[in-house]
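Now for the letters of each chain:
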Amino acid sequence: MIKNYFKIAWRNFKKDKSFTFINLLGLATGFAITLLIVQYVRFEFSYENTHVNADRLVRLTTDYMDGETVAEQDCETNPPLGPLVTTELPEVENFTRVYPLGEPTVNISIENEHFILDKLFAVDNAFFDMFTCPLLYGVKKDIFKQPNQAVLTESTALKYFGKKDVVGEMLEIPLSQGLVLLNIVGVVADSPPNTHLKFNMLISYPTMLSDKALQGEYGEEEDNWGGNNTLTYILLAPNVNYDDFTTSFKEFNKRLKEEKGFKKARFIGQKIGKIHLYSHKTFETEPNGKASSVFFLLGVAFLVIISAFVNYINLATSKALDRAKEVGIRKVVGSTRTQLRIQFLIESLLINVAAGIFAITLILVSKTKFIEVAGLPADFSIFGAVFFWIILGAFILLGVLFSGLYPALVLSSFKPSSVLKGKFTHSTQGVLFRKSLVVFQFSMTIILLIQIFTINKQLEFLQNIDLGVNTNQTVVVSAPTQNTERKNYSVFKQELLANASVKSVALSGSVPGQMASQMSTTTGINLSEIIEDHNYNFYLTTIDANYIPVMGMTLIEGNNFDETSHPDKREVIVNEEAIRLWGIPETKEAIGRKLKFWGSEWTIKGVLKNYHQESAKSAHIPIIHRYFDQFQGFASIKFNNTDPKEQIAQIEAVYKSVFPTAPFSYFFMDNEYDKQYKADKQFQDVFSVLTGFAILIACLGLFGLASFTVLKRKKEIGIRKVIGASILNILVLLSKNFIKMVFLAMLIGIPITYLIATKWLENFAFRIELNWWLFVLPIVLIMGLVVFSISIKTINAAIVNPVQSLKDE
Amino acid sequence: MIKIKDLEKYYKTEELQTIALNKLSFEVKQGEFIAVMGPSGCGKSTLLNILGMLDDSDGGSFIFNGEEVINYNERKRASIRKHNIGFVFQSFNLIDQLTVFENVELPLIYTGVKKAERKKKVEAVLEKMQIMHRRKHFPQQLSGGQQQRVAVARAVVNDPKLILADEPTGNLDSSNGNEVMELLTELNDQGTTIIMVTHSEHDAKYSHRIIRMLDGQKVTENSLV
């Protein structure tokens, strides 16, 4: 019996190739895309799960308060916080400080060879007990109790030493105040891709406190409640309820406020599992994802697969007419309803299994591309996970149930006495059900199209915003770390300017396009005459006299620095945002006003038009520019109409000759801005792919449905033609129902999509208005598609000689 | 074998009710060959559908092999049907996607006959219907006469006690039609009860008894033997 079912299913598939193709393609792409998205979501939610203690690990962060409201949230905390909280709260078992060094990079030297290293942290000894990072070489006990100890990851060791076991080797970090000498005491496995705290090298926290060169550069003090550049992680005691800890921690904050006079800030904890998708504070160790985006993509993926199921239901029930006779005969010769249901479910099972296999092929083909687009680690294993196969199995099962059950119920209920006589009509209820499915598909397509149009428009808008900075043809070179070499800047500059294509060179502590978190910040800077405190965070940078023209910034009031400027003159150039925060109504009134910060008085020399320090995604930030003419952060080199890429070799040669012990590191300024759109681009890419497939699947269904409509009404078309209807008349007649459904879908889709789009745009400080055409265009597109699919089929049917189509009936 | 009494059947649409069977009563004995005649719309096919348990009646009694089946549910009716009744239709009603052999085999599958035995039975009946050489063909590759022979083969493969034939020669030319009638007569001679709906006086002459109907009622009943 089962064999017979398979046989007839197979022959039916072969007979109705377009039906089989539409279903197979729809289900397979639906499966493939949803499986890939599920894998992506699984990865995003797997963050920190490699840490055995993940449930007990908590990061403490700082909220800057403006009265009762939170003015700013900062990941970094003060060095004494960890030790104090561990002694005072019984819920806390241990702590480690994690000091991010040399953001974003430091230079290291190994036997007179110079390299650039990123992701370097100074951590306490407890780090190795709290986080899971197994030592491959070295002894764990008291590994970081002493200063000047270092641990490398496996690949860092391999990269710099050409071998993995480097315990006992030495390396140096050259800093402006001297060399930090480090003994390598261990090698650990590389950080997994799914952790927010990835590192290449760790040094012992005591080094921060005792090493002269590090002290000179960073000045970390163990009991300093003033500076906060340290990340603090704590390990809760086993069986401690997180809410209990939160309560105790609130009390702790209160005591801190009273005993230490800690008024402007409070500390809050966050479980490390909640960092990657939920935390967006300043000084995050890496840009984090967004849970809402991840869920959004997951939701869309499920819509795609449901859409594929809908196609199956619609096509299978539209085909009912064809199958009705078979059902009738089978009943006549003795089949029960159950047997028929099983038969149709088996057909659906076959299609779904075939689609599953086809989906695996699709995934195999698109895997590498998807991993790249979704920003997953390159060695991400898709098929290796048991989870993948469980989900695939579940999809097939769901597919059989969702897509197979309804047709099975409908088809098996036909009465042989009527279907065998050809007296067969669809019940109105069934038609209504199928119509709602089509409306659902149209609504989904409208929503997705409008979303994708909005996203594209917004990102295009951001990239075309006037940044207030001219990033063209600008190469930025990092300063050497040692003072002895920095002194040779004037030689470097002269040699660069000897090259005719170099227009000018400017110095600065940071450059636009870098994340603001890489700049230093100070709170409480205010006009001298104002006594009242506020808690705005001001961003500080140093520039020389060439900087403003090189960056193409606009000075709207006052004067630029010049050859007479000197750091001791305590003059600053500020931007409009800073003026606004100080409450100065007119920019021209700002010139000459006095500021107090760092215990002295400074004069406002000029006001810069706001420029985007970060990408146009973020709001303007208040920036204070001090004068400094030493090579400390970056030198920006502006070129005349030449491609700066071709000049890199030459710049490097000059750099190497002037600063022989410093590694050469550079970037193009426009790239720095582009990097900040990476996450949005990624979201846009993944979403575009998804939307593309969703629309493809909906179109397939529409096309199939249109063909069946035409087929079903072939006789009617013939009769109408005999009476004198034109092809256009017939087209209008057949499209009318579909157009009605599109309108209904529009009524459902537009309010939903309006809400989603508005919500999404709120993520951006600078955003587009939701234009009417953003809503109209997708609908026009869908209408076009409907008319197109129906036209093809109708014209085919309509040009047939009516005698033919009437005879066929 | 069959005893119907006051059988009623209505067709209802929103506005009107049509009476298809109006208190129809008659009896059929084992081994009889009955022809049911009458103009279009007189209720012949409705009667056949009810006798074949493909349709419900709206009143009366229907005793099949001594059992009152009027209130049986679909499952029970399907079970009686597959063990006792074979159907032959005017439009043959073969499944296009199955071969001749598979079409004939179908009733045996539903009654749970083992594969080897199915093969034996199907081949025997195909042999008897002289259609064995076409066993691997699909219905659309056969002539009308051949298709109807396959349909008869399918109707008898399960050795039913009753064959219900709905205008079995309606789509056939006279020589093919006669052939089918000969087949039915032969089956009847071997003991199968046959009830046949027909428009053809010629075909009706093959039967033992003709029941003439009009407007859902029996008008005359005349025996030919």
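Note that the structure is predicted; figures quoted are calculated from it, not measured. (Residues numbered from 1 in each chain as written. Chains lettered and ligands numbered in written order. Predicted model: local features only at pLDDT ≥ 70, side-chain atom pairs only at ≥ 80, totals over all residues. Heavy atoms only, no water.)

## As for the overall build of chain B
- Helix and strand content of chain B: 7 helices and 10 strands.
- Over its C-alpha trace chain B gives a radius of gyration of 17 Å, about what one expects of a compact globule, namely 17 Å for 225 residues.
- Summarising its shape, the C-alpha atoms of chain B cover approximately 50 × 40 × 40 Å along the three principal directions.
- For chain B, with 225 residues in total, the buried portion stands at 56%.
- Within chain B, residue pairs in contact and separated by at least 24 positions form 69% of the contacts whose partners lie at least 6 positions apart.
- Just so you have it, chain B exposes about 9,900 Å², and 47% of that area is on carbon and sulfur atoms. (Helix = DSSP H or I, 4+ residues; strand = E, 2+ residues; numbered from the N terminus. Rg over C-alpha atoms; globule rule 2.2 N^0.38 Å. Buried < 20%, exposed > 50% of the residue type's maximum accessible area, 1.4 Å probe, protein only. Contact = heavy atoms within 4.5 Å. Areas by Shrake-Rupley, 256 points an atom, 1.4 Å probe, with all protein chains shown as cover.)

## A word on the sheet that holds strand β6 (residues 85–89) of chain B
Residues and elements named next belong to chain B.
- Strands sit in the order β6-β7-β8-β3-β9-β10 across an open sheet of 6 strands; the sheet is mixed. The two strands at the open ends of the sheet, each matched to only one other strand, are β6 and β10 (217–223). Averaged over all neighbouring strand pairs, the angle between strand axes comes to 15°, with direction disregarded.
- Direction of pairing for β6 relative to strand β7 (residues 162–166): parallel, over a ladder of 5 bridges. Of the residues in β7, the one forming a bridge with Ile 85 is Leu 162.
- Here helix α1 (residues 44–51) sits on the sheet and contacts β3 (33–37), β6, β7, β8 (193–197) and β9 (209–214); the angle it forms with β7, its principal contact strand, is near 155°.
- Strands in contact with helix α5 (residues 144–156) are β6 and β7; relative to β6, the strand with the most contacts, it is inclined by about 165°. (Pairing = 2+ DSSP bridges. Axes fitted to C-alpha atoms, helices over the stretch in contact; angles between N-to-C directions.)

## So, the sheet that holds strand β1 (residues 2–12) of chain B
Residue and element names in this part refer to chain B.
- Read across the sheet, 4 strands follow the order β2-β1-β4-β5 without closing on themselves; strand pairing throughout is antiparallel. Only two strands of the sheet have a single partner each, and these edge strands are β2 (17–28) and β5 (67–68).
- Bridging between strand β4 (residues 59–64) and β5 involves 2 bridges; their strand directions are antiparallel. Within β5, the position partnered with Ile 63 by the bridge is Glu 68.
- Sheet contacts for α1: β1, β2 and β4; angle to β1, the most-contacted strand, approximately 120°.

## Overview of the interface of chain B and chain A
- Taken together, the contacts link 28 residues of chain B with 28 residues of chain A.
- Across the chain B to chain A interface the summed buried area is about 2,500 Å²; carbon plus sulfur atoms make up 52%.
- Seen at the junction of chain B and chain A, the total is 5 salt bridges.
- A salt bridge links Lys 7 of chain A to Glu 102 of chain B, with the nearest nitrogen and oxygen atoms 3.1 Å apart.
- Along the contact surface separating chain B from chain A lie 9 residue pairs in polar contact (both at pLDDT 80 or more).
- Looking at the side of chain B that touches chain A, the elements with two or more residues in it are α1, α2 (74–84), β6 and α3 (100–110) of chain B. (Buried area = accessible area lost by both parts, 1.4 Å probe. Salt bridge = Lys/Arg side-chain N within 4 Å of Asp/Glu carboxyl O. Polar contact = N/O pair within 3.5 Å; in protein donor to acceptor, adjacent residues only side chain to side chain.)

## Comments concerning the environment of Leu 162 of chain B
Residue and element names in this part refer to chain B.
- Here Leu 162 is to be found in strand β7.
- On the accessibility criterion, Leu 162 (0% relative accessible area) is buried.
- Every residue in contact with Leu 162, bar those within four places of it in the chain, is listed here: Met 1, Ile 2, Phe 64, Asn 84, Ile 85, Gly 86, Thr 192, Thr 193 and Ile 195.

## Examining the pairing of β9 of chain B
Residues and elements named next belong to chain B.
- In this structure, β3 lies alongside β9, joined through 4 bridges in parallel fashion. Each bridged residue has a counterpart across the sheet, and for Ala 35 the counterpart in β9 is Ile 210.
- Here β9 pairs with β10 via 6 bridges, running antiparallel. Within the sheet, the bridge partner assigned to Leu 214 lies in β10 and is Gln 217.

## A word on the pattern of salt bridges
Residue and element names in this part refer to chain B.
- This structure, assessed with the given rule, holds 36 salt bridges over all chains.
- One salt bridge in this structure joins Arg 118 and Glu 105, with 2.9 Å as the shortest N-O distance. With a gap of 13 residues between them, Arg 118 in helix α4 (residues 115–128) and Glu 105 in helix α3 connect regions that are remote in the sequence.
- Residue classification places Arg 118 among the buried residues on the basis of a relative accessible area of 11%.

## Some details on the side chain of Ser 204 of chain A
Residues and elements named next belong to chain A.
- Topologically, Ser 204 is positioned in strand β9 (residues 201–204).
- A polar side-chain atom of Ser 204 sits 2.7 Å from the main-chain carbonyl oxygen of Gln 146.
- At a separation of 3.5 Å, a polar atom in the side chain of Ser 204 contacts the main-chain amide nitrogen of Asn 148.
- In this view, Ser 204 contacts Ala 122, Val 123, Phe 144, Gln 146, Pro 147, Asn 148 and Gln 149; residues no more than four positions away in its chain are not counted.

## Overview of unusual backbone geometry
Residues and elements named next belong to chain A.
- Positive phi values are uncommon outside glycine, yet Lys 119 reaches one of about 55°.
- Checked against the element boundaries, Lys 119 lands in strand β4 (residues 113–123).
- Residue classification places Lys 119 among the partly exposed positions, given a relative accessible area of 37%.
- A positive phi is found at Asn 239, a non-glycine position, where the angle reads about 70°.
- Secondary-structure assignment places Asn 239 in the loop between β10 (231–236) and α8 (242–260).
- By relative accessible area, which is 82% here, Asn 239 ends up exposed.

## Some remarks on the side chain of Thr 198 of chain B
Residue and element names in this part refer to chain B.
- With respect to the helices, strands and loops of the structure, Thr 198 is situated in the loop between β8 and α7 (201–204).
- Owing to a relative accessible area of 2%, Thr 198 belongs among the buried residues under this scheme.
- Side-chain polar atoms of Thr 198 contact the backbone nitrogen of Ser 200, separated by 2.9 Å.
- Those residues within four positions of Thr 198 in sequence are excluded, and the remaining contacts are Ala 35, Val 36, Met 37, Gly 38, Lys 44, Glu 167, Asp 203 and Ala 204.

## Regarding the nonpolar core
- Ile 37 and Phe 442 of chain A are the most contacted members of the largest nonpolar core, which has 128 residues in total.
- Take this core: its biggest share by element is 15 residues, from helix α2 (residues 17–44) of chain A.
- Other than its neighbours up to four places away in sequence, Ile 37 of chain A contacts Leu 297, Leu 298, Ala 301, Phe 370, Val 686 and Leu 690 of chain A.
- By size, the runner-up hydrophobic cluster in this structure holds 51 residues, among which are Ala 320 of chain A together with Leu 21, Phe 26 and Ile 50 of chain B. (Core = buried A, V, L, I, M, F, W, Y, C linked by side-chain atoms within 4.5 Å.)

## Structural notes on the packing of helix α21 (residues 678–712) of chain A against helix α23 (residues 727–761) of chain A
All names here are of chain A.
- At a closest axis distance of 13 Å, the pairing of α21 and α23 adopts a crossing angle of 165°. The orientation of α21 with respect to α23, classified from their angle, is roughly antiparallel. Between α21 and α23 the crossing geometry is right-handed. Note on element contacts: α23 touches α21 through Leu 734, Phe 738 and Trp 760, opposite Phe 683, Leu 702, Leu 705, Ala 706, Thr 709 and Val 710.
- Of the residues assigned to the contact of α21 with α23, the class counts are 8 nonpolar, 1 polar and no charged. (Parallel < 35°, antiparallel > 145°, perpendicular 65-115°, else oblique. Left-handed = near helix turned anticlockwise from the far one by under 90°. Nonpolar A, V, L, I, M, F, W, Y, C, P; charged D, E, K, R; others polar.)

## Section: a nonpolar patch on the surface
- A grouping of Met 1, Ile 2, Phe 6 and Ile 342 of chain A is seen on the molecular surface, where their side chains present a nonpolar patch of about 310 Å² in accessible area.
- With respect to the helices and strands, Phe 6 of chain A occurs in helix α1 (residues 2–15). (Patch = residues over 30% accessible without salt bridge, like charges linked within 9 Å, V, L, I, M, F, W, Y side chains within 5 Å.)

## Section: the confidence of the model for chain B
- Looking at chain B as a whole, the pLDDT averages 90, with 100% of positions reaching at least 70.
- The ipTM for the predicted assembly is 0.81, set against a pTM of 0.79. (pLDDT = per-residue confidence, 0-100.)

## As for the packing of aromatic side chains
Residue and element names in this part refer to chain A.
- Tallying each qualifying case throughout the model produces 43 aromatic pairs over all chains.
- Relative to Phe 199, the ring of Phe 127 has its centre 6.0 Å away and its plane inclined at 75°; by these criteria the two rings are edge-to-face. Residue Phe 127 is found in helix α4 (residues 127–130), and its partner Phe 199 is found in the loop between β8 (178–188) and β9; the two are separated by 72 residues along the sequence. Per residue, the accessibility class of Phe 127 equals that of Phe 199, and both read buried.
- Ring geometry for Phe 296 versus Phe 687: centroids 5.3 Å apart, planes at 45°, classification tilted. Here Phe 687 lies in helix α21 and Phe 296 lies in helix α9 (residues 291–318), a separation of 391 residues in the sequence. (Phe/Tyr/Trp six-rings, centres within 6.5 Å; stacked < 30°, edge-to-face > 60°.)

## Topic: the environment of Pro 100 of chain A
Residue and element names in this part refer to chain A.
- Looking at where Pro 100 falls in the secondary structure, it is placed in strand β3 (residues 92–110).
- When its relative accessible area of 11% is taken as the criterion, Pro 100 is described as buried.
- It is 6.7 Å that separates the C-alpha atoms of Pro 100 and Ala 122, two residues lying 22 residues apart in sequence.
- Here Pro 100 is in contact with Glu 76, Leu 120, Phe 121, Asn 229 and Leu 231, once residues within four sequence places are set aside.

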